[in-house]
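Inside the fold
So the chains spell out like this:
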Amino acid sequence: MTGPGEHDGPGRPAAAVPVPAPRVAEPPRRTRIVLAEVSRRDDRSGRTRAELAEQTRVGEALVRGLVRAQLALAVRLSLVVLIALGGLPWLFAIAPSVGRVTVLGVNLPWLLLGVASFPFLIGVGWAYVRLAERNEQDFTDLVQRPER
(Lines give C-alpha, C1' and ligand atoms only; values in the text may rest on other atoms or scores of the structure.)
Protein backbone atom coordinates (compact mmCIF):
# COMPACT_ATOMS: atom_id res chain seq x y z
CA MET A 1 0.00 0.00 0.00
CA THR A 2 1.34 3.39 -0.87
CA GLY A 3 0.89 6.51 1.20
CA PRO A 4 0.61 10.12 0.04
CA GLY A 5 3.65 11.32 -1.88
CA GLU A 6 4.78 7.75 -2.63
CA HIS A 7 5.10 6.21 -6.05
CA ASP A 8 3.78 3.01 -7.59
CA GLY A 9 6.94 2.49 -9.50
CA PRO A 10 9.71 4.40 -11.15
CA GLY A 11 8.34 7.78 -12.25
CA ARG A 12 4.67 6.98 -11.64
CA PRO A 13 2.58 8.56 -8.93
CA ALA A 14 0.48 6.35 -6.72
CA ALA A 15 -2.89 5.42 -8.28
CA ALA A 16 -5.92 7.04 -6.67
CA VAL A 17 -8.23 4.50 -5.20
CA PRO A 18 -11.85 5.50 -5.84
CA VAL A 19 -13.85 5.76 -2.65
CA PRO A 20 -17.43 4.55 -3.16
CA ALA A 21 -20.13 7.05 -2.20
CA PRO A 22 -22.21 6.09 0.79
CA ARG A 23 -25.20 4.12 -0.36
CA VAL A 24 -28.61 5.58 0.46
CA ALA A 25 -31.27 2.98 1.13
CA GLU A 26 -34.18 3.39 -1.28
CA PRO A 27 -37.63 3.01 0.22
CA PRO A 28 -39.46 -0.07 -0.96
CA ARG A 29 -41.77 0.51 -3.87
CA ARG A 30 -45.39 0.65 -2.83
CA THR A 31 -48.13 -1.24 -4.57
CA ARG A 32 -51.58 0.29 -4.50
CA ILE A 33 -54.42 -2.19 -4.42
CA VAL A 34 -57.87 -0.72 -5.01
CA LEU A 35 -61.20 -2.45 -5.22
CA ALA A 36 -63.24 -1.42 -8.23
CA GLU A 37 -66.45 -0.50 -6.36
CA VAL A 38 -64.72 1.56 -3.72
CA SER A 39 -62.61 3.29 -6.34
CA ARG A 40 -65.60 4.28 -8.46
CA ARG A 41 -67.55 5.62 -5.51
CA ASP A 42 -64.61 7.55 -4.05
CA ASP A 43 -63.66 9.02 -7.42
CA ARG A 44 -67.13 10.39 -8.03
CA SER A 45 -67.69 11.78 -4.57
CA GLY A 46 -64.08 12.93 -4.53
CA ARG A 47 -64.69 14.80 -7.75
CA THR A 48 -67.62 16.65 -6.18
CA ARG A 49 -65.51 17.48 -3.12
CA ALA A 50 -62.73 18.68 -5.40
CA GLU A 51 -65.19 20.92 -7.23
CA LEU A 52 -66.15 22.43 -3.88
CA ALA A 53 -62.54 22.90 -2.82
CA GLU A 54 -61.46 24.34 -6.17
CA GLN A 55 -64.53 26.57 -6.32
CA THR A 56 -65.58 25.50 -9.78
CA ARG A 57 -68.96 26.47 -11.21
CA VAL A 58 -70.51 23.25 -9.95
CA GLY A 59 -69.00 23.74 -6.50
CA GLU A 60 -70.19 27.34 -6.38
CA ALA A 61 -73.70 26.23 -7.39
CA LEU A 62 -73.75 23.61 -4.61
CA VAL A 63 -72.60 26.08 -1.97
CA ARG A 64 -75.00 28.74 -3.28
CA GLY A 65 -77.84 26.22 -2.92
CA LEU A 66 -76.89 25.55 0.69
CA VAL A 67 -76.65 29.26 1.50
CA ARG A 68 -80.00 29.88 -0.21
CA ALA A 69 -81.64 27.08 1.81
CA GLN A 70 -80.21 28.46 5.07
CA LEU A 71 -81.34 31.99 4.19
CA ALA A 72 -84.85 30.80 3.31
CA LEU A 73 -85.07 29.00 6.65
CA ALA A 74 -83.91 32.10 8.55
CA VAL A 75 -86.42 34.31 6.72
CA ARG A 76 -89.31 31.91 7.37
CA LEU A 77 -88.59 31.65 11.08
CA SER A 78 -88.04 35.42 11.33
CA LEU A 79 -91.49 35.92 9.82
CA VAL A 80 -92.95 33.55 12.41
CA VAL A 81 -91.36 35.58 15.21
CA LEU A 82 -92.38 38.88 13.63
CA ILE A 83 -96.00 37.82 13.17
CA ALA A 84 -96.28 36.18 16.59
CA LEU A 85 -94.57 38.84 18.70
CA GLY A 86 -95.26 41.82 16.47
CA GLY A 87 -98.90 40.88 16.12
CA LEU A 88 -99.57 40.97 19.85
CA PRO A 89 -99.40 44.77 20.19
CA TRP A 90 -101.67 45.07 17.15
CA LEU A 91 -104.09 42.67 18.79
CA PHE A 92 -104.11 44.71 22.00
CA ALA A 93 -104.58 47.94 20.04
CA ILE A 94 -107.42 46.56 17.89
CA ALA A 95 -109.18 44.75 20.76
CA PRO A 96 -108.50 46.74 23.94
CA SER A 97 -110.66 44.38 25.95
CA VAL A 98 -108.05 41.61 25.39
CA GLY A 99 -105.37 43.94 26.72
CA ARG A 100 -107.32 44.49 29.94
CA VAL A 101 -107.58 40.78 30.81
CA THR A 102 -105.69 39.85 33.97
CA VAL A 103 -104.26 36.43 34.84
CA LEU A 104 -103.23 35.91 38.46
CA GLY A 105 -103.36 39.67 38.96
CA VAL A 106 -101.05 40.46 36.01
CA ASN A 107 -102.23 42.01 32.74
CA LEU A 108 -102.21 39.63 29.77
CA PRO A 109 -99.93 41.84 27.60
CA TRP A 110 -97.26 41.77 30.29
CA LEU A 111 -97.47 38.01 30.59
CA LEU A 112 -97.36 37.41 26.84
CA LEU A 113 -94.65 39.92 25.91
CA GLY A 114 -92.62 39.82 29.13
CA VAL A 115 -92.75 36.18 30.13
CA ALA A 116 -94.14 33.91 27.40
CA SER A 117 -92.04 35.47 24.64
CA PHE A 118 -88.76 34.05 26.00
CA PRO A 119 -89.74 30.36 25.87
CA PHE A 120 -91.23 31.08 22.43
CA LEU A 121 -87.91 32.55 21.21
CA ILE A 122 -85.97 29.64 22.68
CA GLY A 123 -88.27 27.22 20.84
CA VAL A 124 -87.82 29.09 17.55
CA GLY A 125 -84.04 29.08 18.07
CA TRP A 126 -84.07 25.34 18.77
CA ALA A 127 -86.15 24.73 15.64
CA TYR A 128 -83.76 26.85 13.57
CA VAL A 129 -80.70 24.92 14.74
CA ARG A 130 -82.42 21.58 14.12
CA LEU A 131 -83.59 22.54 10.63
CA ALA A 132 -80.26 24.20 9.70
CA GLU A 133 -78.40 21.04 10.71
CA ARG A 134 -80.80 19.04 8.55
CA ASN A 135 -80.00 21.33 5.60
CA GLU A 136 -76.28 20.84 6.19
CA GLN A 137 -76.72 17.06 6.47
CA ASP A 138 -78.66 17.02 3.20
CA PHE A 139 -75.83 19.01 1.60
CA THR A 140 -73.22 16.61 2.96
CA ASP A 141 -75.21 13.62 1.72
CA LEU A 142 -75.46 15.25 -1.72
CA VAL A 143 -71.71 15.83 -1.85
CA GLN A 144 -70.82 12.33 -0.69
CA ARG A 145 -73.46 10.53 -2.74
CA PRO A 146 -72.02 8.54 -5.64
CA GLU A 147 -72.97 10.01 -9.01
CA ARG A 148 -75.24 7.98 -11.25
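What counts, and at which threshold
Note on numbering: residues in each chain are counted from 1, in written sequence order. Predicted model: local features are reported for residues with pLDDT of at least 70 only, side-chain atom pairs are reported and counted for 80 or more only, and whole-chain, interface and lining totals are derived from all residues. Hydrogens and water molecules were not included; the side-chain quantities draw on all heavy atoms of the structure. By the criteria applied, helices consist of DSSP H or I runs no shorter than four residues and strands consist of E runs no shorter than two, each listed in order from the N terminus. Take the number of residues in a helix, subtract one, and multiply by 1.5 Å to get its expected span. Bend, in this description, refers to the angle at a residue between axes fitted to the seven residues ending there and the seven starting there. Only protein chains enter the calculation, and the probe is 1.4 Å; a residue is then buried if its accessible area is under 20% of its type maximum, exposed if over 50%, and partly exposed in between. A residue's pLDDT is simply how confident the predictor is in it, with values from 0 to 100. A contact between two residues is defined here by any heavy atoms of the two lying within 4.5 Å.

So, about helix α2 (residues 57-94). Taking 1.5 Å of rise per residue, the 38 residues of α2 would be expected to cover 56 Å, and the 52 Å separating its terminal C-alpha atoms lies within 8% of that figure. When the local axis directions of α2 are compared, the greatest deviation, roughly 35 degrees, occurs at Gly87, which is followed within four positions by the proline Pro89. Of the residues making up α2, those classed as buried are Gly59, Leu62, Leu66, Gln70, Leu73, Leu77, Leu88 and Phe92.

What follows concerns the confidence of the model for the protein. Scored by pLDDT, the protein has a mean of 76; 68% of the residues are at 70 or more. Note that residues 38-42 has pLDDT below 50 and, in this model, three contacts with residues that lie over four places away or in other chains.

What follows covers unusual backbone geometry. Although it is not a glycine, Leu104 sits at a positive phi angle of roughly 55 degrees. Tracing the backbone through its elements, the reader meets Leu104 in the loop between β3 (102-103) and β4 (106-107). Since its relative accessible area comes to 86%, Leu104 is described here as exposed.

A few words now on the environment of Asn135. Checked against the element boundaries, Asn135 lands in helix α4 (residues 108-144). Each residue touching Asn135, except ones within four places of it in the same chain, is listed here: Leu66, Ala69, Gln70 and Leu73.

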